[in-house]
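Here is how the chains run, residue by residue.
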Amino acid sequence: IVSSGNGPSGICLSYLLSGYTPYFKRESLHPHPILQRKLEEAPEVSILDQDLDYLSEGLEGRSDSPVALLFDALQRPDTDFGGTAESVLTWCQEPNRAIPHLVLGKNAPGGAWHSIEGSMVTLSRGEWMGLPDLPFKEWLKQKRRGLRNNRATAEDIAQYYQHYVMKKGLQKNFRCGTVVTSVRKVSAESISNHTQKDLQENSGSLWNSSEQSTEVFQVDGFFKTLEGDKEPFSIYAENVVLATGTYDSPTWLGVKGENLSYVHHQLSALEAAVKNNSIGIMSDPVLIVGAGLTAADAILLAHHCNIPVIHVFRRRVSDPGLIFNQLPKMMYPEYHKVHQMMKEQTAACAGPYECYISLPEHHVLSFGKDKKCIIQDKNGCQKAYKISMALVLTGSNPNLSFLPNNGIDLAVDNDQAVNPKRNPIDVDPFTYECTQEKGLYALGPLAGDNFVRFVQGGALAVASSLLKKANQNPP
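Residue indices begin from 1 for each chain and proceed along its sequence in written order. Per-residue local features are limited, in this predicted model, to residues with pLDDT of at least 70; the limit for side-chain atom pairs, both in listing and counting, is 80 or more; totals at the level of whole chains, interfaces and linings are taken over all residues. Heavy atoms throughout the structure, all of them, feed into the side-chain values; hydrogens and water do not.

Let's talk about the pattern of salt bridges
- Salt-bridge detection follows one rule: a side-chain nitrogen of Lys or Arg within 4 Å of a carboxyl oxygen of Asp or Glu. Counting across every chain of the model gives 12 salt bridges.
- The closest approach of N and O atoms between R76 and D72, which form a salt bridge, is 3.1 Å. Residue R76 shares its accessibility class with D72, and that shared class is buried.
- Linking K185 and E437 is a salt bridge whose minimum nitrogen-to-oxygen distance equals 2.9 Å. A residue pair is termed long-range when its members are at least 10 positions apart, and K185 in strand β8 (residues 178-187) and E437 in the loop between β21 (396-397) and β22 (440-442) qualify at 252 residues.
- When accessible area is computed with a 1.4 Å probe and restricted to protein chains, residues below 20% of their type maximum are described as buried, those above 50% as exposed, and intermediate ones as partly exposed. Judged by its relative accessible area of 28%, K185 falls in the partly exposed class. By definition, any uninterrupted DSSP run of H or I lasting at least four residues is a helix, any uninterrupted run of E lasting at least two residues is a strand, and each is numbered from the N terminus.

Put into structure tokens, the structure is as follows:
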């Protein structure tokens, strides 16, 4: 089995495929009485071997995935109600259940968390960032630190994921510094006998000669050596798990001049400009496009450094779809402040905030070589603004260029590109196997699970499916 992507989804899957097996803790009492009754029916049977459809039936919460809600409810029974009830799971290491696998990733374990500015604070509560059987809060306590307002920094999260892999002894399954360039189905006969022999020796029961697949996946890519060279590799696997997340390709507006050097698509460009003093109090304004949390982070950074900002976004400030209208004020004071600025400091009416102008229901028409940007309002009125740099922060899309047709054939709507919020990969809700391609699985944002807290249920579904396929310990 090969997993492409070594973020929280890939780490959690590796843990479950390494023989770590969850059982219901017999003395536990779950606050959900129907789930409690179901769990008591077969406490001697691992959760991985039970019927996930049956167990998850009737659960409700902040995810559309029944298995995500189930695994979350087992690990954090009443967390949505502010409770701190302990997990009702106990974990046993059962080496005979381990399935040979490789987890491939560009960065160190933790994936895109290593690419995020370290001081950034997570949207989710710190304890929701944790992985099975090693609470994040406990790890933080060992470092003699606490959570700020119940939330953690990106640097802490990245370190925790690396520590988790070492602590659980998973590092032998991880190959970091790898880039996957192609995943495709090939006929098993086309693979040389020599390669098949290697595979049989390396992956034990999965290459059982009496039940050998007629088709396998060929995973091609390269490994970056310490010297900076690229060493190519090809791996053959009966099952491939896509867990590459969505941090790869920032969304572009598709307007004239967007490829000019002063137009950027990542927050890190603003951080770099602040660090090297190329922008400051006396600069022309920075244009920030977008109304999500990354745009808000950029506004907070600019505001902190007294850098003038023009903020352009398409929605109304009161739009219920705007993320700020969904966040509790007490828990997210800094984002509430940005939302307040967006409301009170429009171009039409000056408010209390210096160096910031909000332009709701506006969009960018073009960027000029002279650093002039043309912006249009909902009535078609246009205005030019002189800016120092532009940050287009309107989300990102997964890079699935390693799949045939960029993975579009796997999506729910296979006329559109894969998008974690609007058009995820179409998977079976209880196995996370792609409906269009057997043996191929999708996890995390690719399958529509956008929070670390909920990606773990997908890993449970995949591990359960693969264990049943391997037929090692059927229920």
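Points about the packing of helix α1 (residues 8-17) against helix α11 (residues 452-470)
- Axis lines are fitted to C-alpha atoms, over the contacting stretch for helices. Their N-to-C directions set the angle, which ranges from 0 to 180 degrees. With their axes 8 Å apart at the nearest point, α1 and α11 run at an angle of 40 degrees to one another. One way to sum up the angle between α1 and α11 is to call them oblique. The interaxial crossing formed by α1 with α11 has right-handed handedness. Residue-level contacts link P8, S9, C12, L13, L16 and L17 of α1 to V452, V455, Q456, A459, L460, V462, A463 and L466 of α11.
- Residue polarity is assigned by list, with Asp, Glu, Lys and Arg as charged and Ala, Val, Leu, Ile, Met, Phe, Trp, Tyr, Cys and Pro as nonpolar; anything else, Gly included, falls into the polar class. Of the residues belonging to the contact of α1 with α11, the class tally is 12 nonpolar, two polar and no charged. Angle categories are assigned with fixed cut-offs, so that under 35 degrees is roughly parallel, over 145 is roughly antiparallel, 65 to 115 is roughly perpendicular, and the rest are oblique. Helix crossings get a hand from a simple test, with the near helix turned counterclockwise from the far one by less than a right angle marking a left-handed crossing and a clockwise turn marking a right-handed one. Two residues qualify as a contact provided that any one of their heavy atoms is within 4.5 Å of a heavy atom in the partner residue.

Concerning helix α10 (residues 333-344)
- Residue count minus one, scaled by 1.5 Å, sets the expected span of a helix. Along its 12 residues, α10 runs 16 Å from first to last C-alpha, staying within 8% of the 16 Å computed at 1.5 Å per residue.
- Along α10, the residues classified as buried are Y335, V338, H339, M341 and M342. Down the axis of α10, the smallest arc covering the buried residues is 155 degrees, so these residues share one side. The directions from the helix axis to the C-beta atoms form the arc being described.

Section: the sheet that holds strand β17 (residues 362-367)
- Strand pairing requires that DSSP identify at least two bridges connecting the strands. A sheet is described by the order of its strands in space; here three strands give the open sequence β17-β18-β19, paired in antiparallel fashion. A strand with exactly one partner marks an edge of an open sheet, and here the two such strands are β17 and β19 (382-386). Here the strands of the sheet are splayed against their neighbours by 30 degrees on average, with no regard to which way each runs.

Section: the sheet that holds strand β16 (residues 356-360)
- Strand order in the open sheet formed by five strands is β13-β20-β14-β15-β16, and the pairing between neighbours is parallel. The open sheet has two edge strands with one neighbour each: β13 (263-264) and β16.
- Two elements, strand β14 (residues 286-289) and strand β15 (residues 309-313), share four bridges in a ladder whose sense is parallel. Within the sheet, the bridge partner assigned to L287 lies in β15 and is I310.
- Together, β13, β14 and β20 (389-392) form the strand contacts of helix α8 (residues 268-275), whose direction differs from that of β20 by roughly 150 degrees.

Quick word on the packing of helix α9 (residues 293-304) against α10
- It is at 10 Å that the axes of α9 and α10 come closest, and there the two elements cross at 85 degrees. Here α9 lies roughly perpendicular to α10, going by the angle between them. Every residue of α10 that contacts α9 at L293, A296, D297, I299, L300 and H303 is listed here: E334, Y335, K337, V338 and M341.
- Residues that form the contact of α9 with α10 fall into these classes: seven nonpolar, one polar and three charged.

Let's talk about the side chain of S283
- Locating S283 in the fold gives a position in the loop between α8 and β14.
- Two N or O atoms count as a polar contact when they lie within 3.5 Å, although within protein this holds only if one can serve as hydrogen donor and the other as acceptor, and sequence-adjacent residues are included solely when both atoms are side-chain atoms. For S283, the side chain forms a polar contact with the main-chain nitrogen of G280, separated by 2.7 Å.

With respect to unusual backbone geometry
- Although it is not a glycine, D133 sits at a positive phi angle of roughly 65 degrees.
- Summarising the element assignment, D133 is placed in the loop between β5 (121-125) and α5 (136-142).
- A residue is classified by how much of its surface remains accessible, and D133, at 42% relative accessible area, is partly exposed.
- One non-glycine residue, N406, lies in positive phi territory at about 55 degrees.
- Within the secondary structure, N406 sits in the loop between β21 and β22.
- N406 gets classed as partly exposed once you look at its relative accessible area, which sits at 41%.

Topic: the pairing of strand β4 (residues 102-105)
- Bridge count between strand β1 (residues 2-4) and β4: three bridges; the pairing is parallel. Note that in β4 the partner of S4 across the bridge is L104.
- By the bridge criterion, three bridges tie β4 to strand β7 (residues 174-176) in an arrangement that is parallel. Bridge pairing in β7 links V103 to F174.

What about helix α2 (residues 33-41)?
- Residues of α2 that are buried include every one of L35, Q36, K38 and L39, and no others. End-on, the buried residues of α2 take up no more than an arc of 165 degrees, which puts them together on one face.
- In this structure, the buried residues of α2 make contact with β2 (20-24), α3 (52-56) and α4 (66-75).

Description of the environment of P424
- By secondary structure assignment, the location of P424 is in the loop between β21 and β22.
- For P424 and L446, which are 22 residues apart along the polypeptide, the C-alpha to C-alpha distance reads 5.5 Å.
- When near neighbours in sequence (up to four residues on either side) are disregarded, P424 contacts A411, V412, V418, N419, L446, A447 and G448.

Overview of the confidence of the model for the protein
- Residue-level confidence of the predictor is summarised by pLDDT, bounded by 0 at the bottom and 100 at the top. Within the protein, residue pLDDT values average 86, and 87% of them lie at 70 or more.
- When mean pLDDT is taken per element in the protein, β14 scores highest with 98 and helix α7 (residues 193-203) scores lowest with 48.
- When the criterion is pLDDT under 50, residues 196-211 qualifies, and its contacts beyond four places in sequence or with other chains add up to 20 contacts.

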